[in-house]
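# A structural walkthrough
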Amino acid sequence: MNEFDRVRDYLTGLQDRICAAIEQADGQARFNEDRWQRAEGGGGRTRILRDGAVFEQAGIGFSDVAGTRLPPSASANRPELAGASWRACGVSLVFHPNNPYLPTTHANVRYFQAELDGRTVAAWFGGGFDLTPFYPFDEDVQHWHTIARDLCAPYGADRYAAHKRWCDEYFFIKHRNETRGVGGLFFDDLHGDFENDFAYMQAVGDGFLDAYLPIVERRKDTPHGEREREFQLYRRGRYVEFNLVYDRGTLFGLQSGGRSESILMSLPPRVRWEYGYQPDTGSDEARLAEYLVPRDWLGA
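Residues numbered from 1 in each chain as written. Predicted model: local features only at pLDDT ≥ 70, side-chain atom pairs only at ≥ 80, totals over all residues. Heavy atoms only, no water.

## Regarding helix α7 (residues 248-255)
Operational definition: Three exposure classes are used, based on accessible area relative to the maximum for each residue type with a 1.4 Å probe and protein chains only: buried under 20%, partly exposed in between, and exposed over 50%. Numbering goes from the N terminus for both helices and strands, where a helix is a DSSP run of H or I of at least four residues and a strand is a run of E of at least two. When we speak of the arc, we mean the arc of directions from the helix axis to the C-beta atoms.
Within α7, the full set of buried residues consists of Thr250, Phe252 and Gly253. All buried residues of α7 fall inside an arc of 165° around its axis, so they share one side.

This is the structure we're talking about:
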């Protein structure tokens, strides 16, 4: 089995495992699968869970797509990719819970290859996971980052710090001067050693459930009312803003002729904007701002 097929097999299995775990955590709804083909090459399977006991919408997609010309967002700073054909596979998920006290989350792991005249001219891994609470709890944030730190440990003393910082910088909403959430891990263009890099990508993919499911269990039944729900919908607007303005995956997918429904499954099913919103001083809503600044969550 070649390298690409090994990665592909891992990713399809990862999608299956996460879907099974989320269905169990929800206890009510099930994922519906939408299989699709891309005219230029490849296809995927998009799975959506809606109106569950825990999740208002949970989307997780697998794609294996190919093309003969890269979009500007991917090739602008990579002259070696000019004229190359490419193939990319990945799993990407975004979960939007019902309960405002249970954070939204995102994860992605992916692999990219480019070939020119029958030889591979570029190949790399990317991915990560991040957490977006609206009513944050220190216990949850510290757990999330502890899992991230521990899975990074076998890959060097500086891996967690570097990929945490990359996450903070990537998921920064410049026009709002705030992070999208409390971060996690983000990496791209990882290509030093295939076996080591593949193992790290698997550690990130497998670590997601370890990081998220305990938070689900702690927060899914937290009492809340209309005030918290309205704030959740308002803050979801920030999620939309980031994904449509800055997210490179969204841009690559749309520019490369990807399937819009699958690319935009990351958007929440319900959201609102409010002009000039200011939370009450000292309120739980105002407290969120303290968490939307990069910091050392583990005190290391």
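## Quick look at empty space enclosed by the protein
Where empty space is left can be seen by rolling a probe of water-molecule size over the atoms. For clarity, the cut-off: Put plainly, a pocket is an open set of points on a 1 Å grid over the protein atoms alone with protein on both sides within 12 Å along at least five of seven lines, a cavity is a set where a 1.4 Å probe fits but cannot get out, and a lining residue has an atom within 4 Å of a point. Grid points are joined across faces, edges and corners, and a volume is the space filled by probe spheres set on the points. Each residue receives one of three labels: charged for Asp, Glu, Lys and Arg, nonpolar for Ala, Val, Leu, Ile, Met, Phe, Trp, Tyr, Cys and Pro, and polar for the others, Gly being one of them.
Evaluated as defined, the whole model comprises three cavities of 30 Å³ or more. Empty space within the largest cavity amounts to approximately 70 Å³. Lining the largest cavity are 13 residues, and of these Leu14, Ala107, Asn108, Val109 and Gly205 lie nearest its centre. Of all the secondary structure elements, the ones that give two or more residues to the lining of the largest cavity are α1 (3-26), β4 (85-97), β5 (104-116), β6 (119-132) and α5 (194-219). When its residues are assigned to classes, the lining of the largest cavity shows nine nonpolar, four polar and no charged. As for the second largest cavity, its lining consists of Thr132, Pro133, Phe134, Ile173, Thr179, Arg180, Gly181, Arg235, Arg238, Tyr239, Leu288 and Leu292. The element that contributes the greatest number of residues to the lining of the second largest cavity is helix α6 (residues 226-245), accounting for three residues. Taken together, the residues that form the lining of the second largest cavity break down as six nonpolar, three polar and three charged.

## Some thoughts on the UniProt feature "active site" (unreviewed entry) in the protein chain
The criterion, for reference: UniProt positions are given in the numbering used here, feature names are shortened, and annotations may be inferred rather than shown by experiment. Working rule for contacts: check all heavy atoms of both residues, and any pair within 4.5 Å makes them a contact. Whenever two N or O atoms come within 3.5 Å, that pair is a polar contact, provided that in protein one can donate a hydrogen and the other can accept it, and provided that, for residues adjacent in sequence, both atoms are side-chain atoms.
Within this structure's numbering, the places UniProt gives as "active site" (unreviewed entry) are His106. Checked against the element boundaries, His106 lands in strand β5. Taking relative accessible area as the criterion, His106 reaches 13% and is therefore assigned buried. In this structure His106 touches Ser92, Leu93, Val94, Gly128, Phe129, Asp130, Phe171, Arg180 and Tyr239, once residues within four positions along its chain are discounted. A polar contact of 2.7 Å, which involves the side chain of His106, links it to the side chain of Asp130.

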